Amino acid sequence: MYIFMFIIYFVVLSSSKLKMTLQNGSDTSARSTADQNNNLRWDLTPEEIRHQTQRLIQRIKQAYDSVGSLDIGKVCFENTLQVIADAKADYAASRHVLDFPQYVSPCKEVRLASTEADKRLSDFDVEVSMRVDVFQRLTALQEKQSGDLLPESERFLRRLIKLGKRNGLHLSKDIQEEIKSISKQISELSIDFNQNLNEENTMLLFSQQELVGLAESYVNGLEETEDGRYKVTLAYPHYFPLMKRCHVPETRRKMEMAFHSRCKDVNTAILEQLIELRARLAKLLGFSSHANYVLEMTMAKNSENVAQFLDELYKRLRPVGEQERQYLLSLKHADCERRGLEFDGQLHAWDMPYYMNQVEQVKFAVDKDKLIEYFPLEVVTEGLLNIYQDLLGLRFQRVQDAHVWHDSVKLYSVLDSVTGEEIGQEGKYGHAACFGLQPGCLGPDGKRRMPVAAMVANFTKPTSSWPSLLQHHEVETFFHEFGHVMHELCSRTRYAEFSGTQVETDFVEVPSQTLENWVWEKEPLRRMSRHYKDGSPIPDGLLDKLIASRVANTGLMNLRQIVLSKADQTLHTKDRADTAAEFAKHSKDILGIPATPGQKHMRRLMTPQLRINYSDDAFHTFLDLNTVGREYRRVLLEAGGSVDGVDMLKTFLGREPCQDAFFQCKGLTQTFTEQNSQ
């Protein structure tokens, strides 16, 4: 895996994965100061992880015990809410030192110890969340000091009480015990599910003839067996290029089947058990379904609103999607005739990426093999940092001799470009993800703590002949995940509970999806690209074709998001379900394409189109105004979860958010205008 760290830790390892880490501090002029502001350790042994896990549990329990033992008549902000706030800040930073190594450590024993720590701490989370004594003191404080607290403190108190009620602390003791038992089962099963995927290492063997159509750089980067075959893993840098470029249908079918059968038996059983447990928990808490239980804490509020939104979106996208599906079918027919293959008259799941890629080549003439030569990782990284610096009013500064978990990790500090104040640091798992490692909030001494985040992603590895070269979709992923990093690092909340990405689950993608839009604009693309050999810019013709290709397959891609959302909604409005059957039904009904037999795992409720709509709306405000970057940072990033997502959007936009920009950027405005006029 390639490793990355930003603001940060920047890591590039000579293996097949990329990981990144970012962190944040207040004085970046000196190496010692940066390390003092960042107290995270990455050299813990398995035994030290176990020991520190126990110490952390004892320390946090002591804090909650002190609140729970108070005379209810004597509760006040300082001995109740502030004690919990300090404990949460301590817990957030201390826990991630223990549970993050499971994703990045090169040592299996450390990864296993980290996973076990995660399980113990997750059990402890349940115990803490079920503290009736603490809940009673919080409700007493609310009655006593309502209206006397700062707005963020008032929000923090309301949230703790609401979470307590969502854990059944206002219900009978018997129901509380059942809720606690179910919650612990859900927590442990979820960790097992993720661990199974993290440790998955399936490898397929293909001959050179079975890999026809793939770029020379792809094949040369594969490990070769003694009999001349090539080892292909299910990691993203292997899976996606093969599915898009390989001319051999049987190779794509094998890859698709294997990819969607990862941990199939064990994880399908886990997921279906989770569905039953979540349904039972929701019913005990008075909700009609797990979907409504989860959505209560989001902008969407309930499953009826989500269903209505998805149904409306489907009606608007269906004609476009059907046109695109028929076009793909015509491409397949022509391709089969050209290659002497039998045409079966239908599209399969393993056909979709291949022929959707052909759309970009046929309709937009995008030369992917040529394009990739202009996106070497180091150039993209340099351009990304410069763009984010200028956009958000930041400055990135390298920290020398930083304490990191691998020799090739580099640490950067993030400073405000005007005041010079250090605001953060960064660093970079099987798929792309951002991890908040230390919340940016006030500590017990009243001083602001430096936020720390880590980004981990799979990118194409370098070879002896060329550096790491990124596909454009990898550049987009890079910008997206770095948007999450910026959200973590720019946060300036009072409480850890609201730091960074601690926002509504259907708002969390808005900031990063807004910022990823820059990879479709000409000038930013020029800043993040140069030919890896001679440093020449991307030719105007190729750049224009790339930008125009953004609307390729937009109907089918968004219909697939509806399939995932509808399947997830359906699964979590039932007491039990056959997950593969549910996905297959929605795939056939909405996409008109049979699903790949195998595991379909949706980890939590999603309303992805709601997020996309709002992010495009915010981005178009960037394009309409010249100096909104700092305002964007102040309103949408610094606030974290201390303000409702929709209110942040209203403040930034100066109006209610709407869907027009979403349809416009997808090239669908004309179609929808025509539809609405009929």
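Numbering of residues starts from 1 in each chain and follows the order in which that chain's sequence is written. The model is predicted, so local features are restricted to residues of pLDDT at least 70 and side-chain atom pairs to those at 80 or more, both for listing and for counting; the totals for chains, interfaces and linings are taken over all residues. Heavy atoms throughout the structure, all of them, feed into the side-chain values; hydrogens and water do not.

The name given to the chain in an unreviewed UniProt entry is Neurolysin (metallopeptidase M3 family), with the source organism recorded as Cyprinus carpio. UniProt positions are given in the numbering used here, feature names are shortened, and annotations may be inferred rather than shown by experiment. You can read under Sequence similarities (unreviewed entry) in the UniProt record for the chain the words "Belongs to the peptidase M3 family." Here the chain is described in UniProt, under the heading Subcellular location (unreviewed entry), as follows: "Cytoplasm".

Caption draft 1: Quick peek at the nonpolar core. By nonpolar core is meant a set of buried Ala, Val, Leu, Ile, Met, Phe, Trp, Tyr and Cys residues that side-chain atoms within 4.5 Å join together. Residue exposure (1.4 Å probe, protein chains only): buried if accessible area is under 20% of the type maximum, exposed if over 50%, otherwise partly exposed. Leu-328, Phe-375, Tyr-388, Phe-479 and Met-486 are the most contacted members of the largest nonpolar core, which totals 84 residues. The dominant element in this core, judged by the number of residues it contributes, is helix α14 (residues 303-339), at 9 residues. Contact criterion: two residues are considered in contact whenever any of their non-hydrogen atoms come within 4.5 Å of each other. Contact partners of Leu-328, with chain neighbours within four places excluded, come to Leu-347, Met-352, Tyr-355, Met-356, Val-359, Asn-553 and Leu-556. Val-134, Ala-433, Phe-498 and Leu-571 belong to the second largest nonpolar core, which has 70 residues in total. Segments assigned H or I by DSSP are reported as helices when at least four residues long, segments assigned E as strands when at least two residues long, and all are numbered from the N terminus.

Caption draft 2: The sheet that holds strand β5 (residues 230-233), seen in detail. Ordered in space as β3-β5-β4, the 3 strands form an open sheet in which the pairing is antiparallel. Bordering the open sheet on either side are β3 (203-206) and β4 (223-224), each of which pairs with just one other strand. Direction of pairing for β3 relative to β5: antiparallel, over a ladder of 4 bridges. Paired with Met-203 across the bridge in β5 is Thr-233. Working convention: axes come from line fits to C-alpha atoms, limited for helices to the stretch in contact. Angles between N-to-C directions cover 0 to 180 degrees. Here helix α10 (residues 236-245) sits on the sheet in contact with β3 and β5, set at roughly 105° to β5. Between any two strands, pairing holds if DSSP finds at least two bridges.

Caption draft 3: Up close: unusual backbone geometry. Phi is positive for Cys-263, close to 50°, though the residue is something other than glycine. In this fold, Cys-263 is placed in the loop between α11 (249-259) and α12 (264-284). Cys-263 sits in the buried class, given a relative accessible area of 17%. Backbone geometry places Lys-301, a non-glycine residue, at a positive phi of 80°. Along the polypeptide, Lys-301 turns up in the loop between α13 (290-295) and α14.

Caption draft 4: Representation of the packing of helix α2 (residues 46-68) against helix α6 (residues 132-145) in the model. Relative orientation of the contacting elements α2 and α6 amounts to 55°, with a least axis distance of 8 Å. Classified by the angle their axes make, α2 and α6 are oblique. The chirality of how α2 crosses α6 is left-handed. Between α2 and α6, the contacting residues are Tyr-64, Val-67 and Gly-68 on the first element and Asp-133, Val-134 and Arg-137 on the second. In what follows, roughly perpendicular refers to angles from 65 to 115 degrees, roughly parallel to angles under 35, roughly antiparallel to angles over 145, and oblique to any angle outside these ranges. Should the near helix be turned counterclockwise from the far one by less than a right angle, the crossing is left-handed, whereas a clockwise turn marks it as right-handed.

Caption draft 5: Representation of the confidence of the model for the chain. pLDDT expresses how confident the predictor is about each individual residue, on a scale running from 0 to 100. Mean pLDDT over the chain: 85, with 86% of residues reaching 70 or higher. The low-confidence segment residues 599-612 (pLDDT under 50) makes 60 contacts with residues lying over four places distant or belonging to another chain.

Caption draft 6: Just the side chain of Ser-529, in detail. Its place among the elements puts Ser-529 in the loop between α20 (522-527) and α21 (540-548). Judged by relative accessible area, which is 4%, Ser-529 ranks as buried. N or O atoms closer than or at 3.5 Å make up a polar contact, with two conditions inside protein: a donor-capable atom paired with an acceptor-capable one, and, for residues adjacent in sequence, both atoms drawn from side chains. Of the polar contacts made by the side chain of Ser-529, one reaches the backbone oxygen of Leu-525; its length is 2.7 Å. Excluding residues that lie within four positions of it along the chain, Ser-529 makes contacts with Tyr-374, Phe-375, Val-379 and Ile-538.

Caption draft 7: Region of the structure containing the packing of aromatic side chains. For this analysis, a ring pair means two rings from Phe, Tyr or Trp (six-membered ring only for Trp) whose centres lie within 6.5 Å, classed as stacked if their planes differ by under 30 degrees, edge-to-face if by over 60, and tilted for the remaining angles. Applying the stated criterion across every chain, the model contains 16 aromatic pairs. Ring centres 6.3 Å apart and planes at 45° place the aromatic pair Tyr-236 and Phe-259 in the tilted group. With Tyr-236 in helix α10 and Phe-259 in helix α11, this residue pair connects regions lying 23 residues apart in the sequence. Residue class for Phe-259 comes out buried when judged on its relative accessible area of 7%. Pairing Tyr-239 with Phe-240 gives two aromatic rings, centres 5.0 Å apart and planes at 70°, and the pair type is edge-to-face. Its relative accessible area of 29% is what places Phe-240 among the partly exposed residues. Through pairs of rings, three or more aromatic residues link up here, namely Trp-42, Phe-100, Tyr-103 and Phe-435. Only when the NZ of Lys or the CZ of Arg is both within 6 Å of the ring centre and within 35 degrees of the ring normal is a charge said to sit over the ring. Just above the ring of Phe-498 sits the side chain of Arg-155; from NZ or CZ to the centre is 5.6 Å.

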